[in-house]
Amino acid sequence: MGCGEDNPNGLHLEVHLHGDHVYADLQFDERHSGAPGLAHGGAISAACDDIMGFTLWIAETPAVTRTLTVEYRRPVPLHTPVHITASLVDETDRALFIEANGTVGDTTYFAAEAVFVKVDLSHFLRHGDWGATADLITRFFQAD
């Protein structure tokens, strides 16, 4: 839904690592619409969840979303460039605390906070597709 190319209705995020944060530039379109001319809150939430997942490059650990809270500050018009960033704010033995922001120009349109729970790779083998898990493991360790 977020960064994958296989979903024709996905967001197709191209996420980049820059120092202590990750970022992507995106534009929501009709596939992601809610109210006429505006991005659906679920699409915005999906973008936040996906980019926050890329902070795992920084944390250097696999993890999964436990909670995600999005604050919608302004309606996001379709076909408007949005810059979304995410940073790892804190970490414990078991959890990662992550924040994200979506801006248009200098104005924040949405902000999010999440808690991700650290898991070992067997989590994905128990609950997911074996072949896709092997691909995930390979991509995780090759990311730079």
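Coordinates for the structure precede this section.
Predicted model only: the values in this text are computed from it and were never measured.

Calculation notes
Residues numbered from 1 in each chain as written. Predicted model: local features only at pLDDT ≥ 70, side-chain atom pairs only at ≥ 80, totals over all residues. Heavy atoms only, no water. Helix = DSSP H or I, 4+ residues; strand = E, 2+ residues; numbered from the N terminus. Buried < 20%, exposed > 50% of the residue type's maximum accessible area, 1.4 Å probe, protein only. Contact = heavy atoms within 4.5 Å. Expected span 1.5 Å × (residues − 1). Pairing = 2+ DSSP bridges. Axes fitted to C-alpha atoms, helices over the stretch in contact; angles between N-to-C directions. Core = buried A, V, L, I, M, F, W, Y, C linked by side-chain atoms within 4.5 Å. Salt bridge = Lys/Arg side-chain N within 4 Å of Asp/Glu carboxyl O. Phe/Tyr/Trp six-rings, centres within 6.5 Å; stacked < 30°, edge-to-face > 60°. Lys NZ or Arg CZ within 6 Å of the ring centre and 35° of its normal.

### Some remarks on the overall build of the protein chain
Here is step 1 of the chain: The secondary structure content of the protein chain amounts to 4 helices and 6 strands.
Here is step 2 of the chain: Counted from the first residue to the last, the protein chain has its helices and strands arranged as β-β-α-α-β-β-β-β-α-α.
Here is step 3 of the chain: Buried residues in the protein chain amount to 39% of all 144 residues.
Here is step 4 of the chain: Put simply, of all contacts in the protein chain between residues at least 6 apart along the chain, 60% involve residues at least 24 apart.

### Looking at helix 1 (residues 41–53)
Here is step 1 of the chain: Over its 13 residues, helix 1 runs 18 Å from end to end, which matches the ideal 18 Å to within 8%, given 1.5 Å per residue.
Here is step 2 of the chain: Buried residues in helix 1 make contact with strand 2 (21–26), helix 2 (56–59), strand 3 (63–72), strand 4 (82–91), strand 5 (95–104) and strand 6 (107–118).

### Considerations on the sheet that holds strand 5
Here is step 1 of the chain: Within the open sheet, the 6 strands sit side by side as 1-2-4-5-6-3. Their pairing is antiparallel. Strand pairing shows two members of the sheet lacking a second neighbour, strand 1 (16–18) and strand 3, which therefore form its edges. Strand after strand, the sheet turns through a mean of 25° between neighbouring axes, direction not considered.
Here is step 2 of the chain: The sheet contact formed by strand 3 and strand 6 spans 9 bridges and is antiparallel. In the strand pairing of strand 6, Thr67 is matched with Val115.

### Re the nonpolar core
Here is step 1 of the chain: Formed by 34 residues in total, the largest nonpolar core has its most connected members in Phe28 and Phe110.
Here is step 2 of the chain: Looking at this core, the elements that each hand over two or more residues are strand 2, helix 1, helix 2, strand 3, strand 4, strand 5 and strand 6.
Here is step 3 of the chain: Looking at this core element by element, the count peaks at 7 residues for helix 1.
Here is step 4 of the chain: Setting aside residues up to four positions removed in sequence, Phe110 forms contacts with Ile44, Cys48, Val70, Glu71, Tyr72, Arg73, Val76, Val82, Ile84, Ala100, Asn101 and Gly102.

### Points about the pattern of salt bridges
Here is step 1 of the chain: If you walk through the whole model with that rule in mind, you get 3 salt bridges.
Here is step 2 of the chain: Among the salt bridges present, the one from Glu71 reaches Arg73, with a minimum N-O distance of 3.4 Å.
Here is step 3 of the chain: Across the pair Glu91 and Lys118 runs a salt bridge, and its minimum N-O distance is 2.7 Å. With a gap of 27 residues between them, Glu91 in strand 4 and Lys118 in strand 6 connect regions that are remote in the sequence.

### Details of the packing of aromatic side chains
Here is step 1 of the chain: One pass over the structure, following the stated rule, counts 1 aromatic pair.
Here is step 2 of the chain: Between Phe54 and Trp57 the ring centres are 5.0 Å apart and the planes differ by 75°, which places this aromatic pair in the edge-to-face class.
Here is step 3 of the chain: The ring of Tyr109 has Arg74 lying over it, and the distance from NZ or CZ to the ring centre is 5.9 Å.

### Observations regarding the pairing of strand 4
Each regular strand displays side chains that alternate between the two surfaces of the sheet.
Here is step 1 of the chain: Sheet topology note: the strand 2/strand 4 ladder contains 6 bridges and is antiparallel. Residue pairing across strands places Val22 opposite Ala86, the latter belonging to strand 4.
Here is step 2 of the chain: The loop that links strand 4 with its antiparallel partner strand 5 comprises 3 residues.

### Let's talk about the environment of Trp57
Here is step 1 of the chain: With respect to the helices and strands, the residue Trp57 is situated in helix 2.
Here is step 2 of the chain: Using a relative accessible area of 22% as the deciding quantity, one classes Trp57 as partly exposed.
Here is step 3 of the chain: Residues Trp57 and Asp20, spaced 37 residues apart in sequence, show a C-alpha to C-alpha distance of 9.8 Å.

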